[in-house]
Amino acid sequence: MEIANECPNCGSDNYKSRGSFYFFAIGVLLIGISFKFLIYIPFSLIGISFGIILSLTSIFLKGRKVCKNCGQVFKKI
Ligand SMILES: [Zn+2]
């Protein structure tokens, strides 16, 4: 059984998985750093909200592929 795993836009199989884990790690790291700088309220609030958004986005993006050829983002088939 063959699984079609090429880009739906240009048909290239030269794609990479979007590093959703990196986004999640950066998000968590950002939250951690922001908590350390909690005395600077505006800065830390921006950092924490951005970190949460980044972590949530990484979960949402899980399993997506990015075509190296044309930049098309598509779901793993
Ligand atoms: Zn493509």
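No experiment lies behind these values; they were computed from the predicted model shown.

(A) Quick peek at the sheet that holds strand β1 (residues 15-17). Strand order in the open sheet formed by three strands is β1-β2-β3, and the pairing between neighbours is antiparallel. Across the chains shown, the open sheet's two edge strands, defined by having one partner strand only, are β1 and β3 (73-75). Mean inter-strand twist for the sheet, computed between neighbouring axes without regard to direction, equals 35°. Here strand β2 (residues 64-67) pairs with β3 via three bridges, running antiparallel. Paired with Val-66 across the bridge in β3 is Val-73.

(B) Representation of a nonpolar patch on the surface. Together, Leu-29, Ile-33, Phe-37, Ile-39, Tyr-40 and Phe-43 line one region of the surface with nonpolar side chains, adding up to about 680 Å² of accessible area. Within the secondary structure, Tyr-40 is located in the loop between α1 (20-36) and α2 (41-60).

(C) How the structure looks around the pairing of β2. Sheet analysis places β1 next to β2, joined by three bridges and oriented antiparallel. Looking at β2, one finds that Tyr-15 is bridged to Cys-67. Between β2 and β3, which pair antiparallel one after the other, the connecting turn spans five residues, and Gly-71 there sits at a positive phi close to 85°.

(D) View of the environment of Arg-64. For Arg-64, the location among the structural elements is in strand β2. Expressed as a C-alpha distance, the spacing of Arg-64 and Phe-74, which sit ten residues apart in the sequence, is 5.7 Å.

Conventions and cut-offs
- Residues numbered from 1 in each chain as written.
- Predicted model: local features only at pLDDT ≥ 70, side-chain atom pairs only at ≥ 80, totals over all residues.
- Heavy atoms only, no water.
- Pairing = 2+ DSSP bridges.
- Helix = DSSP H or I, 4+ residues; strand = E, 2+ residues; numbered from the N terminus.
- Axes fitted to C-alpha atoms, helices over the stretch in contact; angles between N-to-C directions.
- Patch = residues over 30% accessible without salt bridge, like charges linked within 9 Å, V, L, I, M, F, W, Y side chains within 5 Å.
- Areas by Shrake-Rupley, 256 points an atom, 1.4 Å probe, with all protein chains shown as cover.
- Salt bridge = Lys/Arg side-chain N within 4 Å of Asp/Glu carboxyl O.

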